[in-house]
Amino acid sequence: MANQGDVKTEPLPNTPPTIEVERKFTFTDSTEDKLQEQGASLIQQKTFTDIYYDVPQYSLTLSDHWLRQRDGVWELKCPPENPTTNDLSQVTCQYAEHVTIPEIIAKCSAVLGLAIPTDSSMQEFLTSAQCGQFATIKTERKSYSLNEFSVDLDTADFGFRVGEIEVLVLEENKIADALSRIDMLAKTLGVGESKKLPGKLSAYLQRFRPEHYKTLLQHEIIPEVRDEHFFC
Ligand SMILES: Cc1ncc(C[n+]2csc(CCOP(=O)(O)OP(=O)(O)OP(=O)(O)O)c2C)c(N)n1
C-alpha cells in the first residue's frame, strides 16, 4: 500500500494531453476591475521564465510545435489531432500540451523526421536533433479564476503585455463549446477583438529574431505583430 509520502506528481506516460483552448486580448487597467465585477478571484501572482527551442531550419515552429522549458520543466504545445474549425476558431488557439519526456521526444522526432529513441534524455534528444535555444522570456503573471475559465494577465520583460482567457478540455468534441463560452466572456469583459492577437513569443521574435519572425509570418504560423502591441 502506498504510504502518505508516495504521491505521484508526474503525469502517467499514457495520460491524454490536455487541450488548451485560449483567446488572447489586450488588457488595460480597467480589465481587472471588470474581472472582479464578474466575480473573478485572483488566485496566483507569479514570475516564470520560458526558454524556447528549435532547430536551425525552424522546423518545429514552422510545424506549429512549441518546445519550451518553463522554470526548467519541459513542455510541448502542438495542434490537437482534430482541431475544430469554425468562425470562432479564427480568433482563438487550440493546442494539445504534452508534458512527459517520451511523448515530447516522439512528437518532435516525428516532425523532424528523426528516429530518436523515446527513452532518451532531453539532453540526448537536443544533441541528436541539433536543437537549441532561440528565445528566453521572463513573465509576471496574474491569474484569475472565473467559473471554468482561467484568465491570465501577462507582462513580459521586454515591454509587452497580453491577456489570455483559457479553458482546458479533455476531449476534442468539447472544443467548439469552449470556443463559444470564451467568446461570451470576452464580450462581457469588453475584450472581444475580432482578430487574433499575438502572444509573447511572437512579439519577442518580431523584436529580437526578425528572420525567424518573418519566416513564421510568411507561413501564417503566427499573427502579425505591430508596434502598438508593445507598451514601451
Ligand atoms: C494568437 C496566436 N498566438 C500564438 C501562436 C503560435 N504559438 C502557439 S503556442 C506558442 C508558444 C507560446 O504560447 P503562448 O500561449 O503565447 O504562451 P503562454 O501564454 O506563456 O503559454 P501558457 O502559459 O498559456 O501555456 C506560440 C507562439 C499563434 N499561432 N497564434
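Under an unreviewed UniProt entry, the name given to the protein is Thiamine-triphosphatase, and the source organism is Lingula anatina. What the UniProt record of the protein gives under Catalytic activity (unreviewed entry) is the line "thiamine triphosphate + H2O = thiamine diphosphate + phosphate + H(+)". Under the Sequence similarities (unreviewed entry) heading, UniProt states for the protein: "Belongs to the ThTPase family."

K.L.:
Give me the packing of helix α6 (residues 200-208) against helix α7 (residues 210-218): which residues, what numbers.
P.N.:
Close contact between α6 and α7 brings their axes to 6 Å; oriented N to C, the two are set at 125°. Regarding the angle of α6 to α7, the classification is oblique. Note on packing geometry: the crossing formed by α6 with α7 is left-handed. When α6 is examined against α7, the residues S202, L205, Q206 and F208 are found in contact with a partner set consisting of P210, H212, Y213 and L216. Of the residues contributing to the contact of α6 with α7, the split by class is five nonpolar, three polar and no charged.

K.L.:
Go over the sheet that holds strand β4 (residues 73-78), please, and point to the residues and values.
P.N.:
With antiparallel pairing, eight strands are arranged side by side around a closed barrel as β1-β5-β4-β3-β2-β6-β7-β8. Neighbour-to-neighbour, the strand axes of the sheet open up by a mean angle of 35°, direction not taken into account. Pairing between strand β1 (residues 18-25) and strand β5 (residues 93-98): five bridges, direction antiparallel. Along β5, the bridge assignment pairs E22 with C93.

Rules used in this analysis
- Residues numbered from 1 in each chain as written.
- Predicted model: local features only at pLDDT ≥ 70, side-chain atom pairs only at ≥ 80, totals over all residues.
- Heavy atoms only, no water.
- UniProt positions renumbered as here; feature names shortened; annotations may be inferred.
- Axes fitted to C-alpha atoms, helices over the stretch in contact; angles between N-to-C directions.
- Helix = DSSP H or I, 4+ residues; strand = E, 2+ residues; numbered from the N terminus.
- Parallel < 35°, antiparallel > 145°, perpendicular 65-115°, else oblique.
- Left-handed = near helix turned anticlockwise from the far one by under 90°.
- Contact = heavy atoms within 4.5 Å.
- Nonpolar A, V, L, I, M, F, W, Y, C, P; charged D, E, K, R; others polar.
- Pairing = 2+ DSSP bridges.

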